[in-house]
Amino acid sequence: MDDYRRELMEGDPEVFELLRGEERRQQSGVELIPSENYTWPAVLATLGSVFTNKYSEGYPGRRYYGGQEFTDGVENLARERACSLFRCEHANVQPLSGSPMNQAVYLAFLEPGDTVLAMDLSHGGHLTHGDPVSHMGRLFNFVRYKTRPGEAGRVDFDELMKLARLSKPRIVLCGTTSSPRVDDYAAYRRVAEEVGALAMADVSHVGGLIAGGALENPFDHGFDVVTTTTHKSLRGPRGGLVLCRKELAKAVDRSVFPGLQGGPHMNAIAAMAVALRKAAEPGFREYAAQVISNAAELATSLIDAGAALVTGGTDNHLIVLDCVLAYGMDGRAAEETLDAIGITVNKQVIPDDPNPPLRPSGIRLGTPAATARGMKEDSMRELAGFMTAALERPMQPRELARLAEAVAAFCAAFPTPGVPRM
Ligand SMILES: *Cc1c(COP(=O)(O)O)cnc(C)c1O
C-alpha cells in the first residue's frame, strides 16, 4: 500500500473507508460523464506533495513571500509547457478552477455593464458564460446566441454578425460544455474583428483534444484569449489556464492576482506541469484521436439501436441523447437507470428544453475517461448495448441487476489509472 494510504488508514479510518469506496466505484463502473477523467499517478503524487505547504502570492521572480526557488521553478515549467503545447505567447497557470479562470478574463477586460456575446446555456454554453444565476451574469451584460437544431446544431454566423453589430460586445466568446459540434473559430474571429471585440474561446471540455492535435486550436485562427480547465480531457489536476497574446498578459496576470485570488495552489501548479509534459508526448496524441473515434463509434451504435441524438451525431468527445423522444423518460430517470447498472452519466438540458433543469429531457455522454482506461471501438459497441437494454426496460429490476453484473465484469478488463488494485 502507498505510504499516504497507510497513513490515512491509521490516522482517519472514516475518511479512508470513503476513499476506498470511491476507488471501488471508479474501478467497477464506467464513467461516461464527459467532463471527468482519470489523471496520471504522477499527477496524484504531485498533488499530495509538500508543494501544498507553500504560499507563493505573486508570480515567479516577484513574490510576496521568501523561499520560492523551487515554486518559481515549477510555475515557470508549467507556463512554458502550456505555451508550447497550445502555441501561445503567455500562460497564467494560477486560476483555482475553470470558473475563476473565466471570471479573471472578464474582470481583466470589461467594465460593469459591458457586453459579452456568449452561447445560451441550453444550447451548450457554460454557467460561467453569464447565465442569469451566475454573479458574472449580474455584473456584465451577456447577450446570448443559439445553435440551429435543424442544422445539426451549428451556429448561423450571418445572424451572429447581425447580433454583434447590434449589441457591440467587448468580448465574443465561444466554447461550450455540452455541444457535440466543434466551433468554427475562423468564423467567430471574423465576427469579433468586425466589431472590435476580443475573440475568446473557453475550450475547457476539449482542451486535451486540442493539445493532442485531434481538434483545431483557436490560436491558429488568431484568437486573443483561450481558457481551459486542466482536469477534463487534458487529464491533469483540477485547475484553469488563461492563455493569451503577450500584449494582454499584464492585464490577465493582474486580474488573477491580486485582482481575484490570493495564494495559488502550488501543488496543483506542479501537478499541472506534470500533466502538460504528459500531454506533449506522442501517446497523448493517440489518446486524443481515440477519444474522438470512440465517441463516433458510441454515437453510431446508439443510433443503430434507436437512440435520438441531439444534433444527430458528434464531432468531438461528447453525445447528447434526447431520452424523452427515444425512451419516453426524462434525463433524471435515464441517469438513475444507468447508475443502477454501473454506468455514470449526467442529465442534461437540450436546446430549448421544454422540461425543467432538474428533470431535463436529455443525458450527456462522453468518452475521455473510458478511453483513458484503454477502451476502444469494440468496447463502445458493448457499452451501447448495455445502455440500450437498460433504457428500453428501466422498470425490470432483475434485468437491471443482470446488466449491472455484466458491466462490472466488463470493467474488470480495464484497470483505472491511479486506482490501486483491489
Ligand atoms: C467545466 C467548465 C468550466 C468550469 O470549470 P470548473 O472547474 O467546474 O469551475 C468553465 N467553462 C466550461 C466550458 C466548462 O466546461
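Draft legend 1. Structural context of the overall build of the chain. Scanning the chain for helices and strands turns up 17 helices and 14 strands. The C-alpha atoms of the chain give a radius of gyration of 22 Å, which matches the 22 Å a tight globule of 422 residues would have. With the principal axes as the frame, the chain shows a C-alpha extent of 60 × 60 × 35 Å. Burial status across the chain gives 57% buried among its 422 residues. For the chain, the computed accessible surface area is about 18100 Å², with 53% contributed by carbon and sulfur atoms.

Draft legend 2. Representation of the site of the ligand. Lining the immediate environment of the ligand, one finds 14 residues, of which Ser97, Gly98, Ser99, Asp202 and Lys232 sit closest. The side chain of Asp202 places a nitrogen or oxygen atom 2.6 Å from a nitrogen atom of the ligand. Contact between the ligand and His231: an oxygen atom at 3.4 Å from a side-chain N or O atom of the residue. Burial of the ligand by the protein amounts to 86% of the accessible area it has alone, namely 390 Å². It is helix H5 (residues 98-109) that provides the largest number of residues to the shell around the ligand, a total of three residues.

Draft legend 3. Spotlight on the packing of aromatic side chains. A complete count under the given rule lists eleven aromatic pairs for this structure. Ring centres of Tyr59 and Phe257 lie 6.5 Å apart, and the angle between their planes is 75°; on these two criteria the pair is classed as edge-to-face. In this pair, Tyr59 sits in strand S2 (residues 58-59) while Phe257 sits in helix H10 (residues 249-260), placing the two residues 198 residues apart along the sequence. For Tyr59, a relative accessible area of 4% translates into the label buried. Here Phe257 falls in the buried class, since its relative accessible area comes to 10%. Relative to Phe414, the ring of Phe410 has its centre 5.5 Å away and its plane inclined at 55°; by these criteria the two rings are tilted. Put simply, the rings of Tyr59, Tyr64 and Phe257 pair up and form one aromatic cluster. Residue placement shows Lys278 over the ring face of Trp40; its charged tip is 4.9 Å from the ring centre.

Draft legend 4. Spotlight on the side chain of Ser379. Here Ser379 lies in helix H16 (residues 377-392). For Ser379, a relative accessible area of 3% gives the class buried. Leave out the neighbours within four places in its chain, and Ser379 touches Phe410 and Phe414.

Draft legend 5. Spotlight on the layout of surface pockets. In this structure, the largest pocket encloses a volume near 880 Å³. Forming the boundary of the largest pocket are 28 residues, of which Gln26, Thr39, Leu44, Leu47 and Gly418 lie nearest the centre. At the level of elements, helix H2 (13-28) and helix H3 (41-47) are the ones that each hand at least two residues to the lining of the largest pocket. When residues in the lining of the largest pocket are grouped by element, the largest group, five residues, is from H2. For the lining of the largest pocket, the per-class residue count stands at eleven nonpolar, eight polar and nine charged. By volume, the second largest pocket amounts to about 600 Å³. For the second largest pocket, the lining is made up of 30 residues, of which Leu121, Gly125, His126, Leu127 and Thr177 are closest to its centre. Sorting the residues of the lining of the second largest pocket by element identifies H5 and strand S13 (346-348) as the ones contributing at least two each.

Draft legend 6. Local environment of unusual backbone geometry. For the bond running from Phe257 to Pro258, omega is 10°, close enough to zero to count as cis. Note on placement: Pro258 falls in helix H10. Unlike most non-glycine residues, Arg87 shows phi in positive territory, near 50°. As for its position among the elements, Arg87 is in the loop between helix H4 (69-86) and strand S4 (90-92).

Draft legend 7. Expanded view of the packing of helix H12 (residues 282-304) against H16. Relative orientation of the contacting elements H12 and H16 amounts to 40°, with a least axis distance of 8 Å. The orientation of H12 with respect to H16, classified from their angle, is oblique. Two packed elements cross with a definite hand, and for H12 against H16 that hand is right-handed. Taken together, the residues of H16 that come into contact with H12 (itself represented by Gln290, Ser293, Asn294, Glu297, Leu298, Ser301 and Leu302) are Glu377, Met380, Arg381, Leu383, Ala384 and Thr388. Residue classes in the contact of H12 with H16 are distributed as five nonpolar, five polar and three charged.

Draft legend 8. Just the domain arrangement of the chain, in detail. Once the domains are mapped, the chain shows domain 1 (45-279) and domain 2 (282-411). For domain 1 versus domain 2, the separation of C-alpha centres amounts to 28 Å. With 28 residues of domain 1 at the interface, the matching set in domain 2 holds 24 residues. Interface area, domain 1 with domain 2, both sides summed: about 2100 Å², of which 58% is carbon and sulfur.

Thresholds applied
Residues numbered from 1 in each chain as written. Predicted model: local features only at pLDDT ≥ 70, side-chain atom pairs only at ≥ 80, totals over all residues. Heavy atoms only, no water. Helix = DSSP H or I, 4+ residues; strand = E, 2+ residues; numbered from the N terminus. Rg over C-alpha atoms; globule rule 2.2 N^0.38 Å. Buried < 20%, exposed > 50% of the residue type's maximum accessible area, 1.4 Å probe, protein only. Areas by Shrake-Rupley, 256 points an atom, 1.4 Å probe, with all protein chains shown as cover. Near = heavy atom within 4 Å. Polar contact = N/O pair within 3.5 Å; in protein donor to acceptor, adjacent residues only side chain to side chain. Phe/Tyr/Trp six-rings, centres within 6.5 Å; stacked < 30°, edge-to-face > 60°. Lys NZ or Arg CZ within 6 Å of the ring centre and 35° of its normal. Contact = heavy atoms within 4.5 Å. 1 Å grid on protein atoms, 1.4 Å probe; cavity = no way out; pocket = protein on both sides within 12 Å on 5 of 7 lines; lining within 4 Å. Points joined across faces, edges and corners; volume = space filled by probe spheres on them. Nonpolar A, V, L, I, M, F, W, Y, C, P; charged D, E, K, R; others polar. Axes fitted to C-alpha atoms, helices over the stretch in contact; angles between N-to-C directions. Parallel < 35°, antiparallel > 145°, perpendicular 65-115°, else oblique. Left-handed = near helix turned anticlockwise from the far one by under 90°. Domains from an automatic or database assignment. Buried area = accessible area lost by both parts, 1.4 Å probe.

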